[in-house]
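Spelled out from the first residue to the last, the chains are:
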Amino acid sequence: MIGFFGETFKESDQLIGTICLWNFSVEQKKGEVGYELSPELQGKGIMQEAVKAVLAYGFNTLELQVIEGIVQSENQKSIQILERNKFINKGLVNRESTNEEDIQSCIFELTNGRYYAK
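Residues numbered from 1 in each chain as written. Predicted model: local features only at pLDDT ≥ 70, side-chain atom pairs only at ≥ 80, totals over all residues. Heavy atoms only, no water.

## A word on the overall build of the chain
Okay, so step 1: Scanning the chain from terminus to terminus reveals 3 helices and 6 strands.
Okay, so step 2: The order of α-helices and β-strands along the chain, N terminus first, is β-β-β-α-β-α-β-β-α.
Okay, so step 3: If you take every contact in the chain between residues at least 6 apart in sequence, the share linking residues at least 24 apart comes to 50%.
Okay, so step 4: On the chain, roughly 7600 Å² of surface is accessible, and the fraction owed to carbon and sulfur atoms is 48%. (Helix = DSSP H or I, 4+ residues; strand = E, 2+ residues; numbered from the N terminus. Contact = heavy atoms within 4.5 Å. Areas by Shrake-Rupley, 256 points an atom, 1.4 Å probe, with all protein chains shown as cover.)

## Overview of the confidence of the model for the chain
Okay, so step 1: Summing up the model confidence of the chain, the mean pLDDT is 86 and the portion of residues at 70 or higher is 81%.
Okay, so step 2: The element-level mean pLDDT for the chain is lowest in strand β1 (residues 3-8), coming to 51, with helix α3 (residues 112-116) highest at 97. (pLDDT = per-residue confidence, 0-100.)

## Examining the packing of aromatic side chains
Okay, so step 1: Under the criterion given, the structure shown has 3 aromatic pairs.
Okay, so step 2: Here the aromatic residues Phe59, Tyr115 and Tyr116 are joined through ring pairs into a cluster of three or more. (Phe/Tyr/Trp six-rings, centres within 6.5 Å; stacked < 30°, edge-to-face > 60°.)

## Let's talk about the environment of Leu37
Okay, so step 1: Relative to the elements of secondary structure, Leu37 occurs in strand β3 (residues 30-37).
Okay, so step 2: By relative accessible area, which is 12% here, Leu37 ends up buried.
Okay, so step 3: Excluding its chain neighbours within four sequence positions, the residues that come into contact with Leu37 are Ile16, Gly17, Gln42, Ile46 and Met47. (Buried < 20%, exposed > 50% of the residue type's maximum accessible area, 1.4 Å probe, protein only.)

## Side note on unusual backbone geometry
Outside of glycine, negative phi angles account for most residues, and trans bonds account for most peptide bonds.
Okay, so step 1: In the Ramachandran plot, Asn23 falls in the positive-phi region, its phi being about 55 degrees despite a non-glycine side chain.
Okay, so step 2: With respect to the secondary-structure elements, Asn23 resides in strand β2 (residues 15-25).
Okay, so step 3: Look at Asn23 and you get partly exposed, because its relative accessible area is 46%.

## Here's the deal with helix α2 (residues 76-84)
Okay, so step 1: Taken as a whole, α2 has its buried residues at Ser78, Ile79, Ile81 and Leu82. Taken down its axis, α2 places every buried residue within 155 degrees of arc, on the same side.
Okay, so step 2: The inward-facing, buried residues of α2 abut β3, α1 (46-61), β4 (66-72) and β6 (102-111). (Arc of directions from axis to C-beta.)

## Concerning α1
Given 3.6 residues to a turn, an α-helix orients residues that are three or four positions apart in the same direction.
Okay, so step 1: Relative to the 22 Å expected for 16 residues at 1.5 Å per residue, α1 spans 22 Å between its end C-alpha atoms, a close match to the ideal helical length.
Okay, so step 2: Along α1, the positions that sit buried rather than exposed are Ile46, Met47, Gln48, Ala50, Val51, Val54, Leu55, Gly58 and Phe59. (Expected span 1.5 Å × (residues − 1).)

## Some points on the pattern of salt bridges
Okay, so step 1: Considering all chains together, one arrives at 1 salt bridge under this definition.
Okay, so step 2: The shortest N-O distance in the salt bridge between Lys30 and Glu68 comes to 3.4 Å. Here the residue Lys30 occupies a position in strand β3, and Glu68 occupies one in strand β4, the gap between them amounting to 38 residues. Like Glu68, Lys30 is buried. (Salt bridge = Lys/Arg side-chain N within 4 Å of Asp/Glu carboxyl O.)

As structure tokens, this is what we get:
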């Protein structure tokens, strides 16, 4: 199962980004959030609004216990979005390798207890 959502402006049908919940573990009640947004629209709060909506869906509707986010370690804007939403950095992982370099990524985690805490 994948929950995949397109992002548009309210007054337009033009796709400006996507966000999804995927990579589910039924046994662990865990999923992963992934997102992308047109570079010229980053930093305007659009993705922050989308992440909040998807987290609410994941924890309230799907009753997940944990939502993870995996981000390239150089992607500071994406890291800031996760941190703003109470995700905790759990450390580095290697997700991709090219012939020239390993791309380092950080895994972030948000538990439902932390999500619901005031």
